[in-house]
Amino acid sequence: MVAFLTDPIVITVLLTIAGVGIVMELFSPKFGIPGFIGVFALLLFFYGHYLAGLAGVGSFVLFVAGILLIFLELFLPGAISGTLGLAALIFSLFLAGGDTLQMGISILIALFFSILMFFIMIKIFGKKLVLFNKMILFDSARKEDGYVSNINRTDLLGMEGTALTILRPAGTAILNTERVDVVSEGGFIDQNAKIKVIKVEGARIVVREIK
């Protein structure tokens, strides 16, 4: 069994199964069969190399630390945690593999099929990354749905009033006994001048002096 699990072809198959299973798990709403198979393949890899005397406790601990760092990347800003986790994960495989060249080839093959499966899930099956979608807010506050960034005072359009302060161009005016922050059309408007609302853009109320 040890000879079988440490065979270069079997190692490549196990790492490929693990990579493909993890990729498929990214598109699943909860941990399922693909993820279980992927983790089981990795455990077989480390178990075989542990029995062969190639992998020690240190390589397995490094592997677990890499998985935890990658998981923390989902909750921490930046890419430091994910980068360190990926590096720890790959290094643990090299550390447990013994033959660096053979392990490098196996990892490259596993990465190739994992990336291929990633694009197949998106392009052919039209899947979405459910795991990451749960952590990202995609809803938008649209005006059509009743959301507004501020009060729209269209009721003031065409209303006449008095400049309470000097408008140069922003200031305060009295419109129907209400103090309202306004902005002039562009020119200077003196205090107590008669004004008229000519435009309303959300909370921005544009007035013009009545000559």
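An account of the accompanying structure is given in this report.

So, how was this worked out
For every chain, the first residue of the written sequence is number 1, and numbering continues from 1 onward in sequence order. Residue-level local features of this predicted model are given only where pLDDT is at least 70; pairs of side-chain atoms are given and counted only at 80 or more, and the full residue set underlies all totals for whole chains, interfaces and linings. Excluding hydrogens and water, the side-chain figures rest on all heavy atoms present in the structure. Secondary structure elements follow DSSP: runs of H or I of four or more residues count as helices, runs of E of two or more count as strands, with numbering from the N terminus. Helix span is expected to be 1.5 Å times the residue number reduced by one. Exposure categories follow from relative accessible area, calculated using a 1.4 Å probe and restricted to protein chains: below 20% of the type maximum is buried, above 50% is exposed, and the middle band is partly exposed. It is the directions from the helix axis to the C-beta atoms that the arc portrays. In this description, contact between two residues means that some pair of their heavy atoms is separated by no more than 4.5 Å. Each reported salt bridge corresponds to a side-chain nitrogen of Lys or Arg within 4 Å of a carboxyl oxygen of Asp or Glu.

## Side note on helix α3 (residues 33-51)
Along an α-helix, a turn takes 3.6 residues, which lines up residues three or four apart on a common side. The first and last C-alpha atoms of α3 sit 26 Å apart over 19 residues, in line with the 27 Å expected at 1.5 Å per residue. The set of residues buried in α3 consists of Gly-35, Gly-38, Ala-41, Leu-42, Phe-45, Phe-46, Gly-48 and His-49. With its buried residues spanning 165 degrees around the axis, α3 presents them on a single face. Turned more than 90 degrees from where α3 packs its buried face, Ile-33 and Phe-36 sit exposed. On its buried face, α3 sits against α1 (2-5), α2 (8-26), α4 (57-72), α5 (80-97) and α6 (100-124). Just past α3, the residue Gly-53 takes up positive phi, approximately 80 degrees.

## Comments concerning the pattern of salt bridges
Following the criterion strictly, the structure yields two salt bridges and no others. Note that Glu-185 is salt-bridged to Arg-208, the shortest N-O span being 2.7 Å. Here Glu-185, found in the loop between β3 (178-184) and β4 (194-201), pairs with Arg-208, found in strand β5 (residues 204-209); they are 23 residues apart in sequence, far enough to count as distant. Residue classification places Glu-185 among the partly exposed residues on the basis of a relative accessible area of 48%. For Arg-208, a relative accessible area of 41% translates into the label partly exposed. Arg-204 serves as the salt-bridge partner of Glu-201, at 2.9 Å between the closest nitrogen and oxygen.

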